[in-house]
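These are the residues of each chain, in order.
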Amino acid sequence: MTGAVGEAEPVVDLRSDTVTRPVPAMREAMARAEVGDDVYGEDPTIRALEDRVADLLGHEAGLFTASGSLANQLGLRLHVQPGEELLADSLAHVLRAEMGAAAAFSGITTRSWVAERGLLDPAQPLAMMQPDAGPYQVSTRLVVVENTHNFGGGTVQPLEALRELREQTQPVGVALHLDGARLWNAHVATGVELSAYGRLFDTVSVCLSKGLGAPVGSVLVGARELMDRARIWRKRYGGGMRQAGILAAGGLWALDHHVVRLAEDHARTRQVAEAAAAVCPGVVDPATVETNILILDVTPAGWSAPEFVRAATGRGVRLSAVGPRAVRLVWHLDVDDEGTAYAERVVTELLTKEAPAR
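All figures in this text were calculated on a predicted structure; none of them were measured in a lab.

How each quantity is defined
Residues numbered from 1 in each chain as written. Predicted model: local features only at pLDDT ≥ 70, side-chain atom pairs only at ≥ 80, totals over all residues. Heavy atoms only, no water. Core = buried A, V, L, I, M, F, W, Y, C linked by side-chain atoms within 4.5 Å. Buried < 20%, exposed > 50% of the residue type's maximum accessible area, 1.4 Å probe, protein only. Helix = DSSP H or I, 4+ residues; strand = E, 2+ residues; numbered from the N terminus. Contact = heavy atoms within 4.5 Å. Salt bridge = Lys/Arg side-chain N within 4 Å of Asp/Glu carboxyl O. pLDDT = per-residue confidence, 0-100. Pairing = 2+ DSSP bridges. Polar contact = N/O pair within 3.5 Å; in protein donor to acceptor, adjacent residues only side chain to side chain. Phe/Tyr/Trp six-rings, centres within 6.5 Å; stacked < 30°, edge-to-face > 60°. Lys NZ or Arg CZ within 6 Å of the ring centre and 35° of its normal. Axes fitted to C-alpha atoms, helices over the stretch in contact; angles between N-to-C directions. Left-handed = near helix turned anticlockwise from the far one by under 90°. Nonpolar A, V, L, I, M, F, W, Y, C, P; charged D, E, K, R; others polar.

(A) Region of the structure containing the nonpolar core. Ranked by internal contacts, the top residues of the largest apolar core, which has 51 residues, are Leu49, Val143, Leu183 and Leu208. If you tally residues by element for this core, the top one is helix H11 (residues 245–257), at six residues. Not counting residues up to four positions away in its chain, the partners in contact with Leu183 are Leu57, Asn147, Thr148, Leu178, Leu194, Tyr197, Val204 and Val206. Core analysis: the second largest hydrophobic core is formed by 31 residues, Leu296, Val327, Val335 and Val346 among them.

(B) Seen up close, helix H13 (residues 305–314). When we look at burial in H13, the residues that qualify are Ala305, Glu307, Phe308, Val309 and Ala312. Gly316 sits one or two positions beyond H13 and adopts a positive phi of about 90°.

(C) Main features of the pattern of salt bridges. For the structure on display, the rule yields 22 salt bridges. Ionic pairing is found between Glu290 and Arg117, a salt bridge with its closest N-O pair at 3.9 Å. One end of the pair, Glu290, is in the loop between helix H12 (262–279) and strand S9 (293–297); the other, Arg117, is in the loop between strand S4 (109–113) and helix H6 (123–128), with 173 residues separating them in the sequence. Since its relative accessible area comes to 27%, Arg117 is described here as partly exposed. Its salt-bridge partner being Glu225, residue Arg229 comes within 3.7 Å of it at the nearest N-O pair. Highlighted residues: Arg229 and Glu225, both in helix H10 (residues 224–236), separated by four residues, approximately one helical turn. Arg229 sits in the partly exposed class, given a relative accessible area of 29%.

(D) Up close: the confidence of the model for the chain. Chain-level statistics for the chain give a pLDDT mean of 95 and a share of 96% at 70 or above. Note that pLDDT drops below 50 for residues 4–8; the model gives that stretch one contact with residues more than four away or on any other chain.

(E) Layout of the pairing of strand S12 (residues 326–330). In terms of burial, S12 is a largely internal element, five of the five residues being buried. Covered by surrounding structure in S12 are Ala326, Arg328 and Val330 together with Val327 and Leu329, the residues of both alternating faces. Taken together, the five bridges between S9 and S12 define a ladder with antiparallel strand orientation. Residue pairing for S12: Leu296 is matched across the bridge by Val327.

(F) Examining unusual backbone geometry more closely. The residue after Asn147, namely Thr148, is reached through a cis peptide bond having omega -5°. Along the polypeptide, Thr148 turns up in the loop between strand S5 (140–146) and helix H7 (159–169). Within the chain, Met99 stands out as a residue other than glycine whose phi angle is a positive 60°. Residue class for Met99 comes out exposed when judged on its relative accessible area of 77%. Despite not being glycine, Arg117 shows a phi value in the positive range, around 55°.

(G) Structural context of the side chain of Asp38. Looking at the secondary structure, you find Asp38 in the loop between helix H1 (24–31) and helix H2 (44–56). On the basis of relative accessibility, which here comes to 0%, the residue Asp38 falls in the buried class. Reaching out from Asp38, the side chain makes a polar contact with the side chain of Arg234 at a distance of 3.1 Å. Aside from chain neighbours lying at most four places away, what touches Asp38 is Asp43, Ile46, Arg231, Arg234, Met241 and Arg242.

(H) Region of the structure containing the packing of aromatic side chains. For the structure shown, the criterion picks out three aromatic pairs. Each ring, one from Trp233 and one from Tyr237, has its centre 5.6 Å from the other, and the planes form 55°; the classification is tilted. The exposure class of Trp233 is buried, given its relative accessible area of 17%. When the ring of Trp303 is compared with that of Phe308, the centres are 5.5 Å apart and the planes differ by 85°; the resulting orientation is edge-to-face. There is no split in this pair, since Trp303 and Phe308 are both buried. Members of the aromatic cluster, connected to one another through ring pairs, are Phe105, Trp233 and Tyr237. Its end group placed over the ring of Phe151, Arg96 keeps NZ or CZ at 4.5 Å from the ring centre. The cationic tip of Arg236 hangs over the ring face of Trp233; the distance from NZ or CZ to the ring centre is 4.4 Å.

(I) Seen up close, the packing of helix H3 (residues 68–79) against H10. H10 packs onto H3 with a crossing angle of 120° between their chain directions and a minimal axis gap of 10 Å. Here the hand of the crossing between H3 and H10 comes out right-handed. Contacts from Leu70, Leu74, Arg77, Leu78 and His79 in H3 reach Leu226, Met227, Arg229, Ala230, Trp233 and Arg234 in H10. Its residues assigned to classes, the contact of H3 with H10 comprises seven nonpolar, one polar and three charged.

(J) The arrangement of the sheet that holds S9 in detail. Spatially, the three strands line up as an open sheet ordered S9-S12-S11, and their pairing is antiparallel. Single-partner strands in this sheet number two, and they are S9 and strand S11 (320–321). Of the pairings in the sheet, the one linking S11 to S12 comprises two bridges and is antiparallel in character. The residue of S12 that forms the bridge with Ser320 is Arg328.

Here it is in structure tokens:
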């Protein structure tokens, strides 16, 4: 179970895997971390983390950032000049959940395609691309792919689709950026090596503070020349940190201890998906639940998403409304079997209960 200290009733917090708290052994590793000034590139723990993540993903160098959004925005800025465009699916985190940063910070324009569950069909961005649009239209410089796909429900992108996209974009000079905040989940779910995903992209961002349970941090990886430029833009955006090896140490510990266990989150997510589908057909197809994110369409049960979230919260299960019809549940290391069983009971009872009159 999860819950805040002093709460009388148990709380199972499934709003996001960002709510995880560092375990005692991680805190100890952070307290022992060797540190230096990272703006000068002198923090040995940060350098070790950057090198390790870059190696895992098949790239030359990495850059530690305070958040996944910052890592993504640095990646976009490296590839797209003001007034040029990137392409991403309409549910992509870089479009829906980064507060318009690409436009506000970098003057980047965007176009999108509709992808069911966020699943990549390479033909869609390939048909939209205009790499050299001339003086009257906007030139395409970048395609962004998200793996796993957050608002798509933890969708894993097929490796063959990613390869096809790379084969078609590289010859015409269109770069690829991977928002791999939950790439660890894709790796655990499929067994595909992280480097097999990473080498298909010019830049990759991965998050340490979601399923891996570190308190802060993401890493952007790419060619060394790109990371040198990204370091400048990180400082320009106010993202330079000093003795932040304390934070990086949490990420290193997480890589050692919290990657393989993601399979437990996936199994618990699938368990609740199957239970929900059994009591209310149409809310979810369990066959589409691949990782740690479950999105329920609660309208077949007569609920709106905000009403369902309020009802569940009233019973100690915290969820997120991600649209008027859709409710999101995200499993993580702070929700065990007991917490999952309780969440399953609450969700299935609400799905079989008459929704309040509107």
